[in-house]
Amino acid sequence: MTSYAITQTCCNDATCVAVCPVNCIHPTPQERAFGSTEMLHIDPATCIGCGACADACPVEAIFPVDSLSAAQQEYATINAAYYADRKPEPAPAGPNFHAWDEPSFPRILPSDFAPLKVAVVGTGPAGMYAVQDLLLHTSAEVTLIDRLPVTGGLVRFGVAPDHPATKKVGDTFARFHAHPRVRLHLGLDVGADVTAQELSAHHDAVIYAVGASADRTLAVPGEELPGSISARAFVAWYNGHPDAAPDAIDLSAERVVVVGNGNVALDVARILLADPDSLARTEISGHALAALRGAKVREVVLLGRRGPEDAAYTKSELLALKHVPGLDLVIDDHDPRIAAAVDETDPATDPKGKAALLRGVARERFDWTRAPAPGRRIVLRFHSTPVEMVGEEAVEGVRVAEASGERTIRTDMVLRAIGYRGVPVAGLPFDETTGTVPHEGGRVTGRPGTYVVGWIKRGPSGGIGANRTCAAETVTTLLADAVAGALPAPPSAPKAFHRLAKRRGGKGRAALGR
């Protein structure tokens, strides 16, 4: 019987771990590496091919090894390589397939414990994992709030449209929107329509899952010139975010420079050069599809400060990029350290290394003062640090520092994909250095009954599945506080808040659910 393998769209949700009868999927949520690895991995030596993991996977990322396409075969190697240095577990002294941990019941609530009234602000993955936890493990009644007129958060507006399987995790969350113990308010802005104090006054506890909605900055001259755009704004535009104007992006440039080489950088590069007919079968916004059909872009240059061995993208996303039809992947061979890193890394002996995955990728030297050559290509340019956006009225180039000095790359459009940053939440403390709300295990410092989860809690790191353990920690803290009697008693009931929300919501706002 064939073993299974986890492929590109792994969300690290760990639903597969819970259903595996032989404990062959790692890292598990109990292991230190969980949340820091790029994806989960199935041990081919232990897998019995039952397929339980594939049935449970919310993003359809798990397949039998013998059914993988040619482009996916490398994932079988990645899964197996993860276990190359792992010591096998000792055989259990009994009929079970493996030794299980001692049972743990950290959330035993008193039988007469009254249902908690909890408000959750944000319907992205972090907020919905918290809601799921509360509904499945307690009798809590939840007020779910989002400032946007639709639910989904990062899943809806942050995932690239050509990754529809990843978006399927949203289906898991959607079933809770109409749960009988949930009241959903859309288009309600906490801080503008209602205050944090009003929210707390009507609930036993409030969980903020508001993400990181601002951008990190490069802090270089010319960064604010027209033509210099954050990748966050670009992603919002092609995903049809309500805050993004349909005409916000001009795609008349032939060459686009993307500062950064993480997964978001790869996403925007891939979308810029994708076949519009293939994108038409996705959920990309209509205005973005129309703009891409008329776009002049044929070359995207990704700038990375460090070498290929330290690239920020995940191996799975790079592998997928290597197999996009009609798209050339090229390395700018401007620095001898690049060739050394790629050529001296043997993919047969170091399949975990990112540099090894670039073996066989074409390397060229480029004259960046000229227009792009015919064709469609993504150029990986390592050891390049942007020091200035060049131009008078708009971007005309990017000046970069490299080992041999400085040079200017000619371009009319720069996308800054260097990360997100949290913004202050009205009524809560805020750490300007980290862009997060100070907390202890999710409990907001100095604010009894107030909690955070997701990127506003831990910073903008980790994918969708990382929010599951993050939410579990916060909910565990909240329940411990409730049992200890540490939650302030709200002077008003949630029903009064629902009436207040309807009055404050304004035209086009919705309140759904019970």
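Since this is a predicted model, take the numbers as computed values, not measurements.

> Looking at this model, I keep getting lost on the overall build of the protein. Mind explaining?
Of the regular secondary structure elements, the protein holds 17 helices and 24 strands. Taken over the C-alpha trace, the protein has a radius of gyration of 24 Å; the compact-globule value for 514 residues is 24 Å, and the two agree within 12%. The principal-axis extent of the C-alpha atoms belonging to the protein is close to 75 × 65 × 40 Å. Going through the 514 residues of the protein one by one, you find that 51% of them count as buried. Considering only residue pairs separated by 6 or more positions, the protein has 75% of its internal contacts joining residues 24 or more positions apart. With an accessible surface of roughly 22,900 Å², the protein has 52% of that area assigned to carbon and sulfur atoms. Between the mean site of the 52 positive side-chain charges and the mean site of the 59 negative ones, the protein shows a separation of 5 Å.

> Explain the environment of threonine 217 to me, please; I cannot follow it from the model alone.
Summarising the element assignment, threonine 217 is placed in the loop between strand S9 (214–215) and strand S10 (228–230). Along the backbone, threonine 217 and arginine 416 are 199 residues apart, and their C-alpha atoms lie at a distance of 8.1 Å. Among residues more than four places away in sequence, those in contact with threonine 217 are Glu223 and Ile418.

> Can you walk me through the sheet that holds strand S19 (residues 413–416) in this structure?
Note: strands within a sheet are paired through backbone hydrogen bonds, in either parallel or antiparallel orientation. With parallel pairing, the seven strands of this open sheet are ordered in space as S10-S19-S11-S12-S15-S13-S14. Edge positions in the sheet fall to S10 and strand S14 (362–364), since each has one partner strand and no second. Direction aside, the axes of adjacent strands within the sheet are offset by 25° on average. Bridge count between S10 and S19: three bridges; the pairing is parallel. Within the sheet, the bridge partner assigned to isoleucine 229 lies in S19 and is leucine 415. With respect to the sheet, helix H10 (residues 263–273) is in contact with strand S11 (255–259), strand S12 (299–303), strand S15 (377–381) and S19, its orientation differing from that of S12 by roughly 170°.

> Which parts of the structure should I look at to understand the pattern of salt bridges?
Two side chains with opposite charge may pair up if their charged atoms get near one another. Taken as a whole and assessed by the stated rule, the structure comprises 28 salt bridges. The shortest N-O distance in the salt bridge between aspartate 267 and arginine 270 comes to 2.9 Å. Note that aspartate 267 and arginine 270 are positioned in helix H10 at a spacing of three residues, about one turn of the helix.

> What is the right way to read the side chain of threonine 9 from this model?
Tracing the chain through its elements places threonine 9 in the loop between strand S1 (4–6) and helix H1 (15–19). Residue contacts for threonine 9: discarding those within four places in its chain leaves Val59, Glu60, Ala61, Ala165 and Thr166.

> It is not clear to me how the pairing of S12 should be interpreted in this structure. Could you clarify?
Two faces make up the sheet, and in a regular strand the side chains alternate between them. Most of S12 is tucked away, with five of its five residues classed as buried. Here S12 shows a buried face lined by Glu299, Val301 and Leu303 and a second buried face lined by Val300 and Leu302. Note: S11 against S12, five bridges, orientation parallel. The partner of valine 256 across the bridge, within S12, is valine 300. Note that S12 and S15 share five bridges and pair parallel. Within the sheet, the bridge partner assigned to glutamate 299 lies in S15 and is arginine 377.

> Where do I start with the packing of helix H9 (residues 231–238) against H10 in this structure?
Remark: H9 packs on H10, axes separated minimally by 10 Å, with the N-to-C direction vectors making an angle of 50°. Taken together, the axes of H9 and H10 lie oblique to each other. Where H9 crosses over H10, the two elements pack in a sense that is left-handed. For the pair H9 and H10, the contacting residues are Ala231, Phe234, Val235 and Tyr238 in the first and Val264, Asp267, Val268, Ile271 and Leu272 in the second. Partitioning the contact of H9 with H10 into residue classes produces eight nonpolar, no polar and one charged.

> Could you clarify how one ought to interpret the pairing of strand S6 (residues 141–146) in this entry?
When you tally the buried positions in S6, you get five out of six residues, the bulk of the element. As paired elements, strand S5 (residues 117–121) and S6 share five bridges and run parallel to each other. Bridge assignment links valine 120 to a residue of S6, and that residue is leucine 144. With helix H4 (residues 125–137) bridging S5 and the parallel S6, this β-α-β connection has right-handed handedness.

> How do you make sense of the packing of aromatic side chains when you look at a structure like this?
Two aromatic rings are characterised by how far apart their centres lie and by the angle between their planes. Summed over all chains, the structure comprises six aromatic pairs. With a centroid separation of 5.3 Å and 90° between ring planes, the pair formed by phenylalanine 234 and tyrosine 238 is classed as edge-to-face. Taken together, the positions of phenylalanine 234 and tyrosine 238, both in helix H9 and four residues apart, correspond to about one turn of that helix. Taken individually, phenylalanine 234 and tyrosine 238 each receive the classification buried, so the pair is uniform in this respect.

> What should I look at first to understand the environment of arginine 281 in this one?
Its place among the elements puts arginine 281 in the loop between helix H11 (276–279) and helix H12 (286–293). When its relative accessible area of 68% is taken as the criterion, arginine 281 is described as exposed. Counting along the chain gives 102 residues from arginine 281 to histidine 179, while the straight-line C-alpha distance between them is 31 Å.

> Looking at this structure, I do not really get the nonpolar core. What am I missing?
Nonpolar side chains in soluble globular proteins generally cluster together in the buried interior. Of all hydrophobic cores here, the largest spans 106 residues; its most connected members are Ile25, Phe234, Tyr238 and Val300. In terms of nonpolar packing, the next biggest core, distinct from the first, is built from 20 residues, Val190, Val206, Val444 and Ile456 among them.

> How should unusual backbone geometry be read in this particular structure?
Trans peptide bonds make up the majority, and among non-glycine residues the majority have a negative phi. Geometrically, the link from histidine 26 to proline 27 is a cis peptide bond, its omega value of -5° lying close to zero. Considering the arrangement of structural elements, one finds proline 27 in the loop between strand S2 (25–26) and strand S3 (41–42). Of note in the backbone geometry, alanine 14 takes a positive phi value of approximately 75° without being a glycine. Along the polypeptide, alanine 14 turns up in the loop between S1 and H1.

Conventions and cut-offs
Residues numbered from 1 in each chain as written. Predicted model: local features only at pLDDT ≥ 70, side-chain atom pairs only at ≥ 80, totals over all residues. Heavy atoms only, no water. Helix = DSSP H or I, 4+ residues; strand = E, 2+ residues; numbered from the N terminus. Rg over C-alpha atoms; globule rule 2.2 N^0.38 Å. Buried < 20%, exposed > 50% of the residue type's maximum accessible area, 1.4 Å probe, protein only. Contact = heavy atoms within 4.5 Å. Areas by Shrake-Rupley, 256 points an atom, 1.4 Å probe, with all protein chains shown as cover. Lys, Arg positive; Asp, Glu negative; His and termini not counted. Charge placed at Lys NZ, Arg CZ, Asp CG, Glu CD. Pairing = 2+ DSSP bridges. Axes fitted to C-alpha atoms, helices over the stretch in contact; angles between N-to-C directions. Salt bridge = Lys/Arg side-chain N within 4 Å of Asp/Glu carboxyl O. Parallel < 35°, antiparallel > 145°, perpendicular 65-115°, else oblique. Left-handed = near helix turned anticlockwise from the far one by under 90°. Nonpolar A, V, L, I, M, F, W, Y, C, P; charged D, E, K, R; others polar. Right-handed = clockwise from strand over helix to strand, strands pointing away. Phe/Tyr/Trp six-rings, centres within 6.5 Å; stacked < 30°, edge-to-face > 60°. Core = buried A, V, L, I, M, F, W, Y, C linked by side-chain atoms within 4.5 Å.

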